[in-house]
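One letter stands for each residue in the lines below.
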Amino acid sequence: MAADVSGAEAWIAPITNVSDFIWGGTWNGEELIPFPPMTIALLGIGLWIMIGLKFYPLRKLGSAFTGLFAGRKGSGEGEISPFAALSTALSGQVGTGNLAGVATAITLGGPGAIFWMWITALFGMALAFAEGSLAIRYRETTSDGVKRGGPMTYIVMGLGPKWTWLAVVFCLGTLFSALVTGNSIQANAVADGMQELFGIEEWVGGLVIAILVFIVIIGGIKSIGSVAEKVIPFMAGAYIIIALLALILNFSEIPATFGLIFYGAFNPQSAVGGFAGAAIIIALRAGVARGLFSNEAGQGSTAIAHAVAQTNDPESQGRMAMLGTFIDTIVICTMTALVILSVRGDFMAGAEAVNYAWQSDRVGFEMTSGAFAAAFPALIAGVPIGTLVTSIVLILFVFTTLLTWSYYGERAITFIYDRIPGSSRGGEKVLHVIWRVLWCVVIFLAAAQPSELVWRLGDISNAAMALPNLLALLLLSGVVFKLAKGMKDAGPTYGAETVEEPNEY
């Protein structure tokens, strides 16, 4: 049942080169340009919006948490409550990146990569506010009254029909990213987790998850939001508690761990443990790339979830969106990183014994699982408690990510379909069913693919989705600054009645 692994592995080298160029400016390990293109674009536009907002995300963080309680009930047009929209967005954000992605960042860039994940998240909060507020300011209504939106909608309605090409490019990037980062990477990780936990073949794990995902997504965004609203708070809370317990047990290591992170962010590091020669630029590239993979700020994906919130206040949903970035990276990713870097155990790097999981031969989720196993080594059915808990958390993280990203891909393919003359609401619904079936088939097929291949493809697909969205955020930044001041109707609205869905442009 497994795919032809040798054929897939043949693509790893060229795909790695493309990924390295986008995120590091290198090709075959040689520098082609003196700066990392995607990193500059992401941090640069994030800084511009943060300054334009006068550091609103940091000033309003407290009120954003307060709004969590008010957001449990909708107070405007939309499909699900603002809290359910945040939970849905978080279910897409909180996934493999929070467990395996953090470990991968440390492997590629050393402990210093974590610092750059934090910086990406802080600027990302500004980008997330922009996405969430624009998603409410510009959203479409179908002929049967369904509210929906996202970057493709705020591009067309906020910038005008002459920018439709950019919206289509974003949708193509979204389909690419959905099938790779939202599906293949997640399916690959959950298959590994189920194999480690239950000893079943990867393709069997993929089949089980595909069936469970289909049962939920066939009900659409309301079904996805209902599951996310129940699972996400419990799942994230349980993980944070187990991570805090691990850190309390290893509290004496925490100061040195923060020292490693800050030193590594600004100083080239010699070969240590499982990685070699992690210079500052490599730490920067790894931290930003994995930060984007985890919190999705600037990528435009979470805007699709926030667009269906039952609210008419762009500013309040913008605060919800920025809160998602904070919870995902500053809280959950930091917990993972600190456990990996501070928990002592018996690990191996080649033939040499080492004290920490990050110094060992372990990579990805195996590194995270090993660190938690060292913190909680007691066995249940022959499996360390730490491994058991993290494997279950990974499966739940990935399951909810697969649900949400199916909707993101669905919205992208629907937008493209709606540009075709003669498109209809009935045609959309048929397309949705076809997409949902295809989505679950890809879960099954991707479960047994080489992990390095899908991770590298993920870096490329994230960039393909983020670049058109970042350009849109830059062009609409003036509108964002006004929305942050409570001006709900800031900016022009472009639209024209059409016979095709959604009858607005």
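Once a new chain begins, its residue numbering starts again from 1 and follows that chain's sequence as written. The predicted origin of the model limits local features to residues at a pLDDT of at least 70 and limits the giving and counting of side-chain atom pairs to 80 or more, whereas totals for whole chains, interfaces and linings rest on all residues. Think of the side-chain values as coming from all heavy atoms in the structure, minus any hydrogens and water.

Digging into the overall build of the chain
(1) Moving on: The helix and strand inventory of the chain stands at 21 helices and eight strands.
(2) Moving on: Burial status follows relative accessibility: with a 1.4 Å probe on protein chains alone, a residue under 20% of its type maximum counts as buried, one over 50% as exposed, and anything between as partly exposed. Residues classed as buried in the chain amount to 60% of the 505 residues present.
(3) Moving on: Contacts are residue-level and defined by heavy atoms, with any inter-residue pair within 4.5 Å sufficient. In the chain, once contacts between residues fewer than 6 apart in sequence are set aside, the share between residues at least 24 apart is 80%.
(4) Moving on: Carbon and sulfur atoms make up 68% of the accessible area of the chain, which totals about 18,200 Å². Numbering of helices and strands starts at the N terminus; helices are DSSP runs of H or I of at least 4 residues and strands are runs of E of at least 2. Per-residue accessibility takes into account occlusion by the displayed protein chains alone, with areas from the Shrake-Rupley method and a 1.4 Å probe.

Some thoughts on the pairing of strand S6 (residues 352-356)
(1) Moving on: Strands are treated as partners if at least two bridges between them are detected by DSSP. Bridge count between strand S5 (residues 344-349) and S6: four bridges; the pairing is antiparallel. From the neighbouring strand, Phe-347 faces S6, where its bridge partner is Val-354.
(2) Moving on: The turn linking S5 back onto S6 is made up of two residues, and Gly-350 within it adopts a positive phi angle of 70°.

Section: the packing of aromatic side chains
(1) Moving on: In this analysis, rings of Phe, Tyr and Trp, with Trp reduced to its six-membered ring, are considered paired at centre separations within 6.5 Å, and the interplanar angle assigns stacked below 30 degrees, edge-to-face beyond 60, and tilted for intermediate values. Under the criterion given, the structure shown has twelve aromatic pairs.
(2) Moving on: On the basis of an interplanar angle of 55° and a centroid distance of 6.5 Å, the ring pair of Trp-48 and Phe-481 is categorised as tilted. Placement of the pair is Trp-48 in helix H3 (residues 37-52) and Phe-481 in helix H21 (residues 477-483), with a sequence separation of 433 residues.
(3) Moving on: Note on Trp-48: relative accessible area 47%, which makes it partly exposed.
(4) Moving on: Ring centres of Trp-405 and Tyr-408 lie 5.0 Å apart, and the angle between their planes is 75°; this geometry places the pair in the edge-to-face category. Linking Trp-405 with Tyr-408, this pair stays in helix H18 (residues 385-418), spanning three residues, or about one helical turn. One exposure class covers both Trp-405 and Tyr-408, and it is buried.
(5) Moving on: Taken together, the aromatic side chains of Phe-115, Trp-116, Trp-118, Phe-258 and Phe-262 make up a single cluster linked through ring pairs.
(6) Moving on: Any Lys NZ or Arg CZ found within 6 Å of a ring centre and within 35 degrees of that ring's normal is scored as a charge over the ring. Cation over ring: Arg-419 sits above Phe-415, and NZ or CZ is 4.2 Å from the ring centre.

Some points on helix H19 (residues 425-446)
Side chains of residues three or four places apart in an α-helix project in the same direction, reflecting 3.6 residues per turn.
(1) Moving on: Between its terminal C-alpha atoms H19 stretches 31 Å, which fits the 32 Å expected from 22 residues at 1.5 Å a residue.
(2) Moving on: Along H19, the residues classified as buried are Arg-425, Glu-428, Leu-431, His-432, Trp-435, Arg-436, Trp-439, Cys-440, Val-442, Ile-443, Phe-444 and Ala-446. Here a helix's expected span is defined as the number of its residues, less one, multiplied by 1.5 Å.

Some details on H18
(1) Moving on: Helix length check: H18, at 34 residues, gives a terminal C-alpha distance of 50 Å against a target of 50 Å (1.5 Å per residue), a fit within 8%.
(2) Moving on: Burial runs high along H18: 27 of the 34 residues are buried.

Concerning the pattern of salt bridges
(1) Moving on: The salt bridge definition used is simple: a Lys or Arg side-chain nitrogen within 4 Å of an Asp or Glu carboxyl oxygen. Going through the model one piece at a time under the given rule, you end up with eight salt bridges.
(2) Moving on: With a shortest N-O distance of 3.1 Å, Arg-148 and Asp-418 are connected by a salt bridge. Residue Arg-148 is located in strand S4 (residues 147-149), and its partner Asp-418 is located in helix H18; the two are separated by 270 residues in the primary sequence.
(3) Moving on: For Arg-148, a relative accessible area of 3% translates into the label buried.

With respect to the nonpolar core
(1) Moving on: Residues grouped as a nonpolar core are buried Ala, Val, Leu, Ile, Met, Phe, Trp, Tyr and Cys residues, joined through side-chain atoms within 4.5 Å. Among the nonpolar cores identified, the biggest contains 147 residues, and Ile-49, Leu-53, Ile-114, Leu-134, Tyr-154, Val-213 and Trp-439 are the most heavily contacted of them.
(2) Moving on: Ranked by residues supplied to this core, first place goes to helix H8 (residues 112-137) with 17 residues.

Some thoughts on unusual backbone geometry
(1) Moving on: Phi at Lys-54 is positive, roughly 55°, even though this residue is not glycine.
(2) Moving on: If you trace the backbone, Lys-54 turns up in the loop between H3 and helix H4 (56-59).
(3) Moving on: Under the relative-accessibility criterion, Lys-54 is labelled exposed at 60%.

Looking at a nonpolar patch on the surface
(1) Moving on: Each patch groups residues whose relative accessible area exceeds 30% and which form no salt bridge, using 9 Å between like charges and 5 Å between nonpolar side chains of Val, Leu, Ile, Met, Phe, Trp and Tyr. A surface patch of nonpolar side chains, amounting to about 540 Å² of accessible area, comprises Trp-48, Trp-165, Val-169, Leu-471, Leu-474 and Leu-475.
(2) Moving on: Among the elements of the structure, helix H10 (164-198) and helix H20 (451-475) are those that each provide at least two residues to the nonpolar patch.
(3) Moving on: No other element matches the three residues that H20 contributes to the nonpolar patch.
(4) Moving on: Mapped onto the secondary structure, Val-169 falls in helix H10.
(5) Moving on: When its relative accessible area of 35% is taken as the criterion, Val-169 is described as partly exposed.

Thoughts on the environment of Met-320
(1) Moving on: Summarising the element assignment, Met-320 is placed in helix H16 (residues 314-342).
(2) Moving on: A sequence separation of 238 residues divides Met-320 from Pro-82, and the C-alpha atoms of the two residues are 7.6 Å apart.

Here's the deal with the environment of Leu-244
(1) Moving on: The residue Leu-244 is located in helix H12 (residues 220-249) in this model.
(2) Moving on: Residues Leu-244 and Met-335, spaced 91 residues apart in sequence, show a C-alpha to C-alpha distance of 7.3 Å.

What to know about the packing of helix H7 (residues 96-109) against H18
(1) Moving on: Relative orientation of the contacting elements H7 and H18 amounts to 120°, with a least axis distance of 8 Å. Regarding the angle of H7 to H18, the classification is oblique. Along the contact surface, H7 presents Thr-96, Asn-98 and Leu-99, while H18 presents Thr-390, Leu-394, Phe-397 and Val-398.
(2) Moving on: Only Asp, Glu, Lys and Arg are considered charged in this grouping, and only Ala, Val, Leu, Ile, Met, Phe, Trp, Tyr, Cys and Pro are considered nonpolar; every other residue, Gly among them, is considered polar. Split by residue class, the contact of H7 with H18 holds four nonpolar, three polar and no charged. Axis angles are defined between N-to-C directions and span 0 to 180 degrees, where every axis is a line fitted to C-alpha atoms and, for a helix, only to the segment in contact. Orientation labels follow simple angle bins: below 35 degrees gives roughly parallel, above 145 gives roughly antiparallel, 65 to 115 gives roughly perpendicular, and whatever is left gives oblique.

A look at the side chain of Arg-425
(1) Moving on: When you line up the elements, Arg-425 lands in helix H19.
(2) Moving on: The class for Arg-425 is buried, based on a relative accessible area of 14%.
(3) Moving on: Pairs of N or O atoms are called polar contacts if they sit within 3.5 Å, as long as, within protein, a hydrogen donor faces a hydrogen acceptor (for residues adjacent in sequence, only side-chain-to-side-chain pairs). There is a polar contact of 2.7 Å between the side chain of Arg-425 and the side chain of Glu-428.

Overview of the confidence of the model for the chain
(1) Moving on: Scored by pLDDT, the chain has a mean of 81; 86% of the residues are at 70 or more.
(2) Moving on: A residue's pLDDT is the predictor's confidence in that residue, given on a scale from 0 to 100. When mean pLDDT is taken per element in the chain, H21 scores highest with 95 and helix H1 (residues 5-9) scores lowest with 52.
(3) Moving on: When the criterion is pLDDT under 50, residues 1-5 qualifies, and its contacts beyond four places in sequence or with other chains add up to six contacts.

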